[in-house]
Amino acid sequence: MAEVIVVGGGVGGMVAALLLARGGHRVRLDERLDRLGGKLAERERDGFAFSVGPSLLTLPGIFRELGVRRDLVELDELCRYRFADGSELRACRDPDRMAARVERLAPGEGESWRAFHGWAARCLEASRRTFFAGPLGRRPEEARIGDLFAVAPGRTLDGLARRFFRDPRLRQYVGRYATYAGSSPYRAPAALGCVPAIEHGDGGWYVPGGLPRLAEDLTRLLSEAGVEVRTGSEVAEVVADRSAVKGVVLASGERVGADAVVVNADAAALYGRLLPDRRRLRRIGRLGPSSSAFLLLAGVDGRTDGLAHHSVVFSADYRREFGDIFERGVPPEDPTVYIGCSAVDDPSRAPAGAENWVLLVNVPAGDPGRWPMTPDAYRDLVLERLARRGRDLSGRLRFVETFTPADLRDRYGAWGGAIYGTAYRGALAPFRRPANRGPRRGLYLVGGSAHPGGGLPLVAMGGRIVASLVERDFPARAGVRVR
């Protein structure tokens, strides 16, 4: 049995702690904030409740396997995409209905979408046998020779979209999936095109009361498993000699010994501050940060005709938008805006007759004090661009709260406010992310900045991968497996 310390209580750290405790290890989890869940958080004000982290749950079976028994609601409409010319595509789970809707939007492209969906499904199956199956650098037993070619190596996501679609709106729709990894479709690998196969295969789900309820469920499971949870407890240093970790030092000065330390923090924070490693930090720096987010939380009077739970209002020039973010390092002048309004399906999230709008724009990581305009001025620009495309909130706003990359940096320790750690740039980018096993015996890394990536399903997979690594290195007892 190993003494394990988990540094950080995001979803990845919670999953790793839960599985290790169930496997017979003695586990302690230290979280700097006064709650668990990491970015799975919410903000409440004047009767409105806003999810300020993940807003859509996919692959819910991952959480059911952990013991989460909460009732979920499947969304009939995954997302409503509105293009700059005013046309719309209403994405749904059923592939036949989806192909028909694509055909109505762009005659002749329905069969192209079917072909794209078929490719995405094959890519997803190959990824499940390889990339998602375990830590980097290990060839899973289930892997097949053809799996490498199934992910279209050497092709970008935009290149994949151009392979299947002639209509620029559908290319933009495919390119949107790069933002699920905080990346540009013009640099991100085509493998990100497997995400639609998840949405159209397993559906998109909502947790009544908001997705942060999942963090509450995991917190309860940790208690039942005997994990010692300490909130308001900041780890200042990971203690190690040249070969192995020895424990951690808290900000209070207390030293806590451990056989294994699982760090659920940004990789840049681990190798820059907790256990300095210049070589690994330089490697992270060469990859570059993912995009960050500019969030507006808006209490909106009245009900909006035709508003979906999830909407995306596209910019007129996608290539320029991502050039602003990743090349010029400025917030896009003509941004794509995500709109999340859970009150559409869950009236408890807003006062009667009102709506809780979460507006998200992808922006560069870094200090917003260096932007060419203030965050308040950019807020006004976003609302003006949204009004120009048919979502005018003039005269309906009770309040608007703004969250910038600086808030994400300060609240979660994210590198420059980057949501997903490093960006996916190039065909091999997914394999260049920081590994789950660190450079010392007993050191492990989990979370959105590490393998296999960010987003609720992936960080949960990462928690399972790390738990299996710890069990392999420190077997708890014969016949017990971490599951």
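Residues numbered from 1 in each chain as written. Predicted model: local features only at pLDDT ≥ 70, side-chain atom pairs only at ≥ 80, totals over all residues. Heavy atoms only, no water.

Colleague: Explain the pairing of strand β14 (residues 292-301) to me, using residue names and the numbers behind them.
Modeller: Burial of β14 is extensive: nine of the ten residues sit out of reach of the surface. Note: β14 against strand β17 (residues 354-363), ten bridges, orientation antiparallel. Residue A298 lies in a different strand from β17, and its bridge partner there is W357. Alignment of β14 against strand β18 (residues 397-403), held across six bridges, turns out to be antiparallel. Within β18, the position partnered with G299 by the bridge is F399. (Buried < 20%, exposed > 50% of the residue type's maximum accessible area, 1.4 Å probe, protein only. Helix = DSSP H or I, 4+ residues; strand = E, 2+ residues; numbered from the N terminus. Pairing = 2+ DSSP bridges.)

Colleague: Pulling in residues and values, what's your account of the side chain of S449?
Modeller: Position of S449 relative to the elements: it lies in the loop between β19 (443-445) and α15 (456-473). Among the polar contacts made by the side chain of S449, one reaches the main-chain amide nitrogen of A267 at a distance of 2.9 Å. When neighbours within four sequence positions are excluded, S449 is seen to be in contact with A265, D266, A267, Y420, G421, R433 and P434. (Polar contact = N/O pair within 3.5 Å; in protein donor to acceptor, adjacent residues only side chain to side chain. Contact = heavy atoms within 4.5 Å.)

Colleague: Please set out helix α7 (residues 168-175) residue by residue, giving values where relevant.
Modeller: Owing to its 3.6 residues per turn, the α-helix aligns residues three or four sequence positions apart on the same side. Counting buried positions along α7 yields six of eight residues, so the element is predominantly enclosed. Listed in full, the buried residues belonging to α7 are R169, L170, Q172, Y173, V174 and G175. Of the residues that open α7, the one with a side-chain oxygen 2.8 Å from the backbone nitrogen of R169 is D167.

Colleague: Requested: an account of the sheet that holds strand β12 (residues 255-257), with residues and values cited.
Modeller: Read from one edge of the open sheet, three strands run β10-β11-β12, paired in antiparallel fashion. Looking along the sheet, the strands with just one partner apiece sit at the ends: β10 (235-240) and β12. The average angle at which neighbouring strand axes cross in this sheet is 25°, direction not considered. Bridge count for strand β11 (residues 245-250) against β12 is three bridges, and the pairing is antiparallel. Residue pairing across strands places G247 opposite G257, the latter belonging to β12. (Axes fitted to C-alpha atoms, helices over the stretch in contact; angles between N-to-C directions.)

Colleague: Give me the packing of helix α4 (residues 110-129) against helix α8 (residues 195-202): which residues, what numbers.
Modeller: One can describe the packing of α4 onto α8 by two numbers: an axis separation of 7 Å at closest approach and a directional angle of 100°. Considering their axes alone, α4 and α8 lie roughly perpendicular with respect to each other. Of the residues in α8, those touching α4 at W113, F116, H117, A120, A121, L124 and R128 are P196, A197, I198, H200 and D202. Partitioning the contact of α4 with α8 into residue classes produces eight nonpolar, two polar and two charged. (Parallel < 35°, antiparallel > 145°, perpendicular 65-115°, else oblique. Nonpolar A, V, L, I, M, F, W, Y, C, P; charged D, E, K, R; others polar.)

Colleague: Could you give an account of the sheet that holds strand β2 (residues 26-31), with specific residues and numbers?
Modeller: Overall, parallel pairing links the five strands, which are arranged β9-β2-β1-β13-β19 in an open sheet. The outermost strands of the open sheet, each flanked by one partner alone, are β9 (228-231) and β19. Within the sheet, the average angular offset between the axes of one strand and its neighbour, ignoring direction, is 15°. As paired strands, β2 and β9 are joined by four bridges and run parallel to one another. Bridge pairing links E31 to T231 in β9.

Colleague: If you had to explain the nonpolar core to someone new, which residues and values would you point to?
Modeller: Counting 98 residues, the largest nonpolar core has F63, Y81 and Y173 as the members making the most contacts within it. Examining the composition of this core, we find that ten residues originate from one element, α15, more than from any other. Excluding residues that lie within four positions of it along the chain, F63 makes contacts with V11, L57, V68, L218, L456 and A460. F50, V300, V363 and L381 belong to the second-largest nonpolar core, a separate cluster that totals 36 residues. (Core = buried A, V, L, I, M, F, W, Y, C linked by side-chain atoms within 4.5 Å.)

Colleague: Please set out α4 residue by residue, giving values where relevant.
Modeller: Here α4 is 20 residues long and its end C-alpha atoms lie 29 Å apart, about the 28 Å a rise of 1.5 Å per residue gives. Restricting attention to buried positions, one finds in α4 the residues G110, S112, W113, F116, H117, W119, A120, C123, L124, A126, S127 and R129. (Expected span 1.5 Å × (residues − 1).)

Colleague: Quick one: what's the story with the state of the cysteines, residue by residue and with numbers?
Modeller: Following the criterion strictly, the structure yields zero disulfides and no others. Free cysteine: C194, not disulfide-bonded; nearest cysteine sulfur from C123 at 4.6 Å. A disulfide-free cysteine, C341 has its sulfur positioned 13 Å from the sulfur of C79, the nearest such atom. Using a relative accessible area of 0% as the deciding quantity, one classes C341 as buried. (Disulfide = S-S within 2.5 Å.)

Colleague: Tell me what's going on with the pattern of salt bridges, and back it up with residues and numbers.
Modeller: Inspection of every chain in the model, using the stated rule, returns 38 salt bridges. Linking D158 and R162 is a salt bridge whose minimum nitrogen-to-oxygen distance equals 3.0 Å. Placement of the pair is D158 and R162 together in helix α6 (residues 157-164), with a separation of four residues, close to one helical turn. Judged by its relative accessible area of 10%, D158 falls in the buried class. The partner of D473 in a salt bridge is R437, with the nearest N and O atoms 2.9 Å apart. Linking D473 in helix α15 with R437 in the loop between α14 (405-412) and β19, this pair joins segments that are 36 residues apart in sequence. Through salt bridges with shared partners, a single network forms among E42, R213, E216 and R349. (Salt bridge = Lys/Arg side-chain N within 4 Å of Asp/Glu carboxyl O.)

Colleague: Go over a positive patch on the surface with me, naming the residues and quoting the values.
Modeller: Judged by side-chain charge, R278, R279, R282, R283 and R286 come together as a positively charged surface patch. For R279, a relative accessible area of 43% gives the class partly exposed. (Patch = residues over 30% accessible without salt bridge, like charges linked within 9 Å, V, L, I, M, F, W, Y side chains within 5 Å. Areas by Shrake-Rupley, 256 points an atom, 1.4 Å probe, with all protein chains shown as cover. Lys, Arg positive; Asp, Glu negative; His and termini not counted. Charge placed at Lys NZ, Arg CZ, Asp CG, Glu CD.)

Colleague: Help me get a handle on the packing of aromatic side chains, residues and values and all.
Modeller: For any pair of aromatic rings, geometry is given as the distance between the ring centres together with the angle between the planes. Applying the stated rule across the entire model yields 18 aromatic pairs. With a centroid separation of 5.9 Å and an interplanar angle of 75°, the aromatic rings of Y173 and Y177 are classed as edge-to-face. For the pair shown, Y173 and Y177 are each scored as buried. Between F314 and Y318, the aromatic rings sit 5.6 Å apart at their centres with planes inclined by 90°, giving edge-to-face as the arrangement. Note on accessibility: F314 and Y318 belong to one class, buried. Three or more aromatic residues joined by ring pairs form one cluster here, namely Y81, F83, Y173, Y177, Y180, Y186, F314, Y318 and F322. (Phe/Tyr/Trp six-rings, centres within 6.5 Å; stacked < 30°, edge-to-face > 60°.)

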